[in-house]
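Here's the letter readout for the chains.
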Amino acid sequence: MTTAAELATELTRFTVDTLERVERHHLPGWQIPRAFAGHAVGTDVRADVCFTLAHLGDAGVDALAGEGLDTILVRLLGGVDGRGTHTFFSYRIAETLRRGGAFADNRLLTGLDDAARAELALAVDSSDWLPLLDAEVLPRNYAAVLARCELGRVSLGLVDDTTTLDRLVDRARAVLEENPRRALDDSNDRVGRYDIYAADVWLFCEPLASRLGPVWGDGLTRALDLVLAVGARDGSAVAWGRSVGDLSAALTLELAALALADGHAGDQASVWLRRAVDAARTVMAGFDADGVSSAHRHRAQDSYRGPARRLQLTFDLLGKVAWAAGALQRVPADLAAAPVAVAYPTGDRWIPFEDARPAGVWAHRSAGADLVVPFVGITRSHYLPALHQPGTWEVPIDRDLPTWTPLVLAGATRHTAGGLPSSVTHGPGRLTATWDGLPVSGRGLDGDDPGPPLAATRTVQLSVEGRTIVLDDQLRFDQSPTACSLAIPEVADRPLRVEWECATAHLTTSITVDGVAEWRSATSQIATVHQIDLEPAVELAYRARVTPLIRAASTEIGHHYHESLYGPMADRVVAGPSPVGWNAVPDPGFRHLDLLHLHWPEWLAFDDLDAHRAIIAELADHDVPVVWTAHNLTPHEKRPEVYDPIYAAWAAAAAAAIHHSAWGERQMRDRYAFGPGCHHEVIPHGHFGGLWESAGLPDRAEAERRLGLSPAALRIGIVGAPRAEKMVQVVLDGLAESGRDDVQLVCWSLGADDVVPDDPRIAVARPYKMVNRSAYATRLAACDVLALVFDPDGEMLATGAAADAIGLGLPALRSDWGYLIEALGAGGIPAGHTVASVAAAIDALTPAVLATARSAAAVRRDELVWDGLATQTADLFERVILRTP
């Protein structure tokens, strides 16, 4: 989905497919059930099904499940309950009917009797709700809702007098014009209820735009700006308050389609298309196999949008998708979506919702952090001044569960620092807010009086330090509270490192809440709550430093190199499988990783250059950096004409390259052109001593017994797979030329062309065959020296056998290969790479030489423990993510 045409086609296909699935499972023949999973099905479902089908018709669809669209609509409209249909569902029925023309001769009423037509005329009439609006029982935005209802009646020719419509439009205009910043506080008591509807109201009022006048265009422009600033990478338009999750992503999709189709996007057209693509991915992923929205399963919705409205939400969402599909068909077909880095630029803004009060939202987006913090007038969990960013910073929905702001108990009453603060000060990467008085926690949306605030103040500073969020809190109370705590939620699969600082008595803990219904967000399940519980006092202060672990997708999950490296990084880095390549675990949109850790490119997409280029382009499009550990200069099969272009492509794309030696770095950089901003870091290959010890490393005598070897004063081993550069034949022949009679050679690495000399000192000479770790450890344990003789002019960068030698403190006969010189240090005994030089080196292996090398290997072992190398690697990952030198 990279162009407008592709997105429109995909949205249409998805809507048709999902509707046919839900019809097949739950609405056979488009019959609306009377009950669904223990809840009555209201008239809203029928209205939303009709509305969705009408939008599909506008998108060019003329049939569903083998039946004509209009035929289905006639049957559905014939079952409308007029008296039970009102407000939102009145205008949806009216706008569905408008597809068939004026009411008097509407083609969608063909075959309906007078009673059914009368029910439809009643269904589109919500004028009986006007007294409730006048009495301020309804939210103020209902002026626009009832205006759309009345507009529907007028457009259908059911009423000629536009007095009511004009009055409702005037009232809606007054609501929209009230705030010069065009942000809607739709509460009747003006508490500052700013949420998704600050943007949605302008989309909703689009059918009234010509009647509303210039205020609509001004408001839409500001709404688009707001969503560009606070919108999340999962496509959510607004991440706090009501109707977040899939509905928020659907709003982005609709706003993008409106902006693109009707010329409101300006020079941001490709950006809005990317936002639409991301939103579409979220919405489409939110349906089960039977076509029903999964928003209530393992996730949470507002209390007024509970499980009783599962079907209604299903068709509400599908209707939005269908409308967007039709609108996008009016967009230039070849418009391409902007790359993620362009669509979500860095920024740090305080966006005020008012001039008179400090209502607003802090929106911060940088290489290391992406968050919004709202400061609005409700104290329910999803309106509090907490961090919001789906996938990382999430909070419980519609609960009395404060997070990122203290829960203070005064007797049995719960208070928190919520609602509008008394002051807000914003600076680059930080914001300070103060509350004079802590209101009762959990205040609902409108009209309730929970009681007076607690006599106390809170001053909090939130700041961003790289990838770390720092919260500094200071609380003062007129009287010491009963209890005071602060909770930081951790989303499942998004681990956090939380560090507390507090000079007074306190307890800290991490509490598992996975599976607990009240700890669910609109997006996922919260798994853990990190908590500080403070000893009550009239003054309290504490600090929290919260850092998400780096999510590294490794192309070699399960490899012993990966396991050795990532184990010690577990407190900073969480590893996941690769979302690209032949063995990919799909991660649409790459939402569960911060970087790709590439090991052997050839094992990602083999020798398919086009496949490699496509992967690289997709990663770049989604702003996923690549860290390449250069194990090889070229694959061992030696086809440079095939693999050099592949390696060159990855070199050009890499944000960082890890080299196991300075010598190896020079080889890589001489052969391939890396990008000018690529980080190059020498991080040596760690040793495998612990790996073989955990595999059951026996002592030398037991290894001899298991392998059936005769005793020997000095045993030289050749282990590992044959390589073109591995000079096994030279070692075999060198042993044969050696004058020693106390030496024994064991070789489990014969290649196809190696010829074994007839020499009794060669105790084992077998073709290479991979064995399990225990067997390999036994072979190593039988050896006193490893022979690592490689062509110094070959095309290898490293060998794991060096890590074996260092890990077990074994001396190694080595050639003058640059990698071995650097990796082994004095634990390597120079042996050259000719038969004569190897023979001489074997003859010179005195006890003193071996002891010196063995001691040096032990020192090198201490230097190459994985803990230190893991720290270097994690530090490099940090720099790559933060785009720092």
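Located above this text is the structure these notes cover.
A. Inspection of the overall build of the chain at higher detail. For the chain, the count of helices and strands is 29 helices and 30 strands. Judged by the C-alpha coordinates and their principal axes, the chain covers about 115 × 70 × 50 Å. Taken across its 885 residues, the chain has 59% of its residues classed as buried. Accessible surface, the chain as shown: approximately 32900 Å² in total, 52% of it carbon and sulfur.

B. The arrangement of empty space enclosed by the protein in detail. As enumerated under the stated definition, the model contains seven cavities of 30 Å³ or more in all. One number sums up the size of the largest cavity: a volume of about 120 Å³. The wall of the largest cavity is formed by 16 residues, among which Ala239, Val244, His388, Glu394 and Thr523 lie closest to the centre. Counted by class, the lining of the largest cavity contains eight nonpolar, seven polar and one charged residues.

C. Focus on the packing of helix 9 (residues 197–204) against helix 11 (residues 214–230). Two numbers describe how helix 9 lies on helix 11: the axes approach to 9 Å, and their chain directions differ by 135°. Overall, the two elements helix 9 and helix 11 adopt an arrangement that is oblique. You can see that helix 9 and helix 11 cross each other, and the crossing is left-handed. Of helix 11, the residues touching helix 9 (which contributes Ala198, Ala199 and Trp202) are Val215, Trp216, Gly219, Leu220, Ala223, Leu226 and Val227. Looking at the contact of helix 9 with helix 11 residue by residue, the classes come out as nine nonpolar, one polar and no charged.

D. Inspection of the state of the cysteines at higher detail. Taken as a whole, this structure holds zero disulfides when the rule is applied. Just so you know, Cys205 is unpaired, no disulfide at all, and the nearest cysteine sulfur is the one on Cys149, 12 Å from it. Assessed through its relative accessible area of 0%, Cys205 is described here as buried. Here Cys502 is not disulfide-linked; the sulfur of Cys484 is the nearest cysteine sulfur, at 9.5 Å. Owing to a relative accessible area of 18%, Cys502 belongs among the buried residues under this scheme.

E. Broad picture of helix 24 (residues 773–781). For helix 24, every residue scored as buried is listed here: Tyr776, Ala777, Thr778, Arg779, Leu780 and Ala781. If you follow the buried residues of helix 24, they end up packed against helix 21 (689–694), helix 22 (700–707), strand 26 (743–750), strand 28 (785–788) and helix 25 (800–807). At the N-terminal end of helix 24, a side-chain oxygen is found 3.2 Å from the backbone nitrogen of Ser774, two or three residues along, and the residue is Asn772.

F. Spatial organisation of the packing of helix 4 (residues 88–97) against helix 7 (residues 142–155). Look at helix 4 against helix 7: their axes get within 8 Å of each other, and the N-to-C directions meet at 30°. It follows from the interaxial angle that helix 4 and helix 7 lie roughly parallel. In the crossing of helix 4 with helix 7, the sense of the turn from one axis to the other is left-handed. Residues Phe88, Ser90, Tyr91, Ala94 and Glu95 of helix 4 lie in contact with helix 7, whose contacting residues are Tyr142, Val145, Arg148, Cys149 and Gly152. Of the residues assigned to the contact of helix 4 with helix 7, the class counts are six nonpolar, two polar and two charged.

G. The arrangement of the sheet that holds strand 9 (residues 413–416) in detail. Overall, antiparallel pairing links the five strands, which are arranged 9-8-14-17-16 in an open sheet. Two strands bound the open sheet, and with one partner strand each, they are strand 9 and strand 16 (506–512). Going from strand to strand, the sheet's axes swing by 25° on average, the running direction of each strand aside. Bridging between strand 14 (residues 483–491) and strand 17 (residues 526–534) involves eight bridges; their strand directions are antiparallel. When the bridges of strand 17 are listed, Val491 appears paired with Ile526.

H. Fine view of the pattern of salt bridges. This structure, assessed with the given rule, holds 66 salt bridges. Between Lys320 and Asp316 there is a salt bridge, with its nearest N and O atoms 3.7 Å apart. Residue Lys320 and its partner Asp316 are both found in helix 14 (residues 310–328); the two are separated by four residues, about one turn of the helix. If you follow the salt bridges from partner to partner, you end up with Asp48, Arg92, Glu254, Asp316 and Lys320 in one network.

I. Representation of the sheet that holds strand 12 (residues 454–465). Read across the open sheet, the six strands follow the order 10-11-12-13-18-15; overall the sheet is antiparallel. Whereas interior strands pair on both sides, the edge strands pair on one side only; in this sheet they are strand 10 (423–427) and strand 15 (496–501). The sheet shows a mean angle of 15° between the axes of neighbouring strands, direction not considered. Relative to strand 18 (residues 539–548), strand 13 (residues 468–477) runs antiparallel, the two being bridged by eight bridges. From the neighbouring strand, Asp472 faces strand 18, where its bridge partner is Arg543.

J. Broad picture of unusual backbone geometry. For Ala65, which is not glycine, the phi torsion reads 50° and is therefore positive. Checked against the element boundaries, Ala65 lands in the loop between strand 3 (63–64) and strand 4 (67–68). The class for Ala65 is partly exposed, based on a relative accessible area of 43%. Its identity is not glycine, yet Thr87 carries a phi of approximately 45°, on the positive side. Relative to the elements of secondary structure, Thr87 occurs in the loop between helix 3 (69–77) and helix 4. Classification of Thr87 by relative accessible area gives buried; the value is 2%.

K. Representation of a nonpolar patch on the surface. A grouping of Trp582, Trp603 and Phe606 is seen on the molecular surface, where their side chains present a nonpolar patch of about 400 Å² in accessible area. Mapped onto the secondary structure, Trp582 falls in the loop between strand 20 (573–577) and strand 21 (595–598).

L. Representation of the environment of Pro390 within the structure. Here Pro390 is to be found in the loop between strand 7 (370–375) and strand 8 (407–410). Remark: the alpha-carbon pair of Pro390 and Val244, spanning 146 residues in sequence, is separated by 9.7 Å. Excluding anything up to four places from it in sequence, Pro390 contacts Ala232, Asp234, Ser236, Ala239 and Thr523.

Rules behind the numbers
Residues numbered from 1 in each chain as written. Predicted model: local features only at pLDDT ≥ 70, side-chain atom pairs only at ≥ 80, totals over all residues. Heavy atoms only, no water. Helix = DSSP H or I, 4+ residues; strand = E, 2+ residues; numbered from the N terminus. Buried < 20%, exposed > 50% of the residue type's maximum accessible area, 1.4 Å probe, protein only. Areas by Shrake-Rupley, 256 points an atom, 1.4 Å probe, with all protein chains shown as cover. 1 Å grid on protein atoms, 1.4 Å probe; cavity = no way out; pocket = protein on both sides within 12 Å on 5 of 7 lines; lining within 4 Å. Points joined across faces, edges and corners; volume = space filled by probe spheres on them. Nonpolar A, V, L, I, M, F, W, Y, C, P; charged D, E, K, R; others polar. Axes fitted to C-alpha atoms, helices over the stretch in contact; angles between N-to-C directions. Parallel < 35°, antiparallel > 145°, perpendicular 65-115°, else oblique. Left-handed = near helix turned anticlockwise from the far one by under 90°. Contact = heavy atoms within 4.5 Å. Disulfide = S-S within 2.5 Å. Polar contact = N/O pair within 3.5 Å; in protein donor to acceptor, adjacent residues only side chain to side chain. Pairing = 2+ DSSP bridges. Salt bridge = Lys/Arg side-chain N within 4 Å of Asp/Glu carboxyl O. Patch = residues over 30% accessible without salt bridge, like charges linked within 9 Å, V, L, I, M, F, W, Y side chains within 5 Å.

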